[in-house]
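Structural overview
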Amino acid sequence: MDTYPLGQFPVHRIGFGAMQLPGPGVMGPPRDHDEAVAVLRRAVELGVDHIDTAQFYGPDVANELIREALHPYPEGLVLASKVGALRDEQGGFVAAQRPGQLRAAVEANLRSLGVDRLEVVNLRRMDEHELAADQLIPLEDQLAEMVAMRAEGKIAGIGISTATYAQVQQAIEQAGIVCVQNAFSLVDRADADVLDLCHGANIAYVPYFPLGSAFPGMPKVTDNAAVRAVAERAGASRAQVGLAWLLARRDNVLLIPGTSRVAHLEENMRIADVALSEADMAELEGGA
Ligand SMILES: NC(=O)c1ccc[n+]([C@@H]2O[C@H](COP(=O)([O-])OP(=O)(O)OC[C@H]3O[C@@H](n4cnc5c(N)ncnc54)[C@H](OP(=O)(O)O)[C@@H]3O)[C@@H](O)[C@H]2O)c1
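Below, the structure is looked at part by part. (Residues numbered from 1 in each chain as written. Predicted model: local features only at pLDDT ≥ 70, side-chain atom pairs only at ≥ 80, totals over all residues. Heavy atoms only, no water.)

Here we look at the site of the ligand
Put simply, the rule reads: In these notes, residues near a molecule or strand are those with any non-hydrogen atom within 4 Å of it. N or O atoms within 3.5 Å of each other form a polar contact, as long as, within protein, one can give a hydrogen and the other can take it, and as long as residues adjacent in sequence are counted only when both atoms are side-chain atoms. Residue burial considers only the protein chains on display, and all accessible areas are found by Shrake-Rupley using a 1.4 Å probe.
Lining the immediate surroundings of the ligand are 28 residues, of which Asp52, Leu211, Thr259, Arg261 and His264 lie closest. Gln181 is positioned with one of its side-chain polar atoms (N or O) 2.8 Å from a nitrogen atom of the ligand. Arg261 places a polar side-chain atom, nitrogen or oxygen, 2.7 Å from an oxygen atom of the ligand. About the coverage of the ligand: the protein hides 88% of its 900 Å² of free accessible area.

What to know about the environment of Phe9
Put simply, the rule is: Under the DSSP-based scheme used, a helix requires at least four consecutive residues in state H or I and a strand at least two consecutive residues in state E, with every element numbered from the N terminus. Note on definitions: a residue-residue contact is assigned when non-hydrogen atoms from the two residues lie within 4.5 Å.
Along the chain, the position of Phe9 falls in strand S2 (residues 9-12). Expressed as a C-alpha distance, the spacing of Phe9 and Gly76, which sit 67 residues apart in the sequence, is 7.9 Å. Discounting residues that sit within four places of it in the chain, Phe9 has contacts with Tyr4, Val78, Arg117, Glu119 and Ala156.

Topic: the pairing of strand S5 (residues 78-83)
Short version of the rule: Classification of residues uses two cut-offs on accessible area relative to the type maximum, computed with a 1.4 Å probe and protein chains only: under 20% is buried, over 50% is exposed, and between them is partly exposed. Here, strands pair whenever DSSP counts at least two bridges between them. We call a crossover right-handed when, viewed with both strands directed away from the observer, the connection leading from the first strand over the helix to the second proceeds clockwise.
Among the six residues in S5, six count as buried, and that is most of the element. Alignment of strand S4 (residues 50-52) against S5, held across three bridges, turns out to be parallel. Bridging from a neighbouring strand, His50 pairs with Val78 of S5. Crossover S4 to S5 through helix H2 (residues 61-70) is right-handed. Where S5 lies against strand S8 (residues 118-124), four bridges are found, and the strand directions are parallel. Paired with Lys82 across the two strands is Asn122, which belongs to S8.

In structure tokens:
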């Protein structure tokens with residue numbers, strides 16, 4: 001499997017996103033605890049060396065499952081977490097953007113994952129939410145805190161998530177970020193310019209919602225007409241075609257599809273074998 005550097009760590013281009021492991025709405029225990037553990041172990045067996053997580057998945061559930069399934073961690077496994085949000089009692093995502101909150105979240109991730117250092121931490125901006133005045137924090141101040149934690153050895157690489165083109169530029173200049181994690185898929189290409197910016201800057205681009213997410217009401221890659229047609233022709237599943245399109249788009253794309261099922265994980269890990277022809281790519285390009 002091909003690799004691309006996530007900062008100082010070369011990782012396989014197909015990784016795993018842990019957001020589907022907790023219960024519905026990313027809250028509470030998994031639908032099937034044993035299957036969640038099996039998904040993580042099978043992922044590593046199949047070559048996954050990049051797992052994306054967050055303390056606020058569950059909350060605590062995804063990190064605790066990762067620790068239960070994989071600790072002591074195999075050499076070379078890159079754990080990437082994110083900070084900037086908490087959960088309220090109804091399961092809503094609430095901003096936790098102040099520098100002190102970012103630090104507390106890094107500490108919480110270190111504790112629950114059972115590590116001294118996180119290979120990557122994404123600063124998850126929450127600008128799409130209506131933020132209280134005390135949560136309107138200049139990016140510069142947040143990056144300064146992230147850089148301080150990197151200097152202290154708590155973080156190896158800094159990333160930024162759900163960020164605009166200008167914010168990504170600022171983060172590259174001020175903090176030397178190693179990745180950007182933004183929403184991007186065949187059915188949501190609004191972030192294409194940020195992908196190109198990352199490509200030009202030689203940093204990893206990690207698209208979230210690569211299949212359109214598990215959230216109801218969001219367009220799904222597997223419902224797309226061009227994806228259906230190409231999948232039938234290529235003898236691949238629709239999910240595989242959507243993911244293979246992302247891999248083919250740019251070599252700095254690192255995938256983290258999320259699944260709670262071993263069968264889907266195994267399917268997603270086989271996409272390196274899905275060969276998309278020029279005609280397939282053209283049809284998919286036109287089929288947003
Ligand atoms: N930075 C951020 O703000 C942010 C936001 C969202 C997500 N993320 C990260 O990005 C990762 C990926 O995003 P996501 O998990 O939200 O959405 P996603 O990967 O686009 O889609 C997940 C959905 O696709 C289904 N699925 C997965 N593989 C499939 C297959 N082979 N066939 C059919 N259905 C399949 C899953 O269901 P099953 O469980 O039934 O397989 C789940 O409903 C997350 O896990 C998380 O680590 C980051």
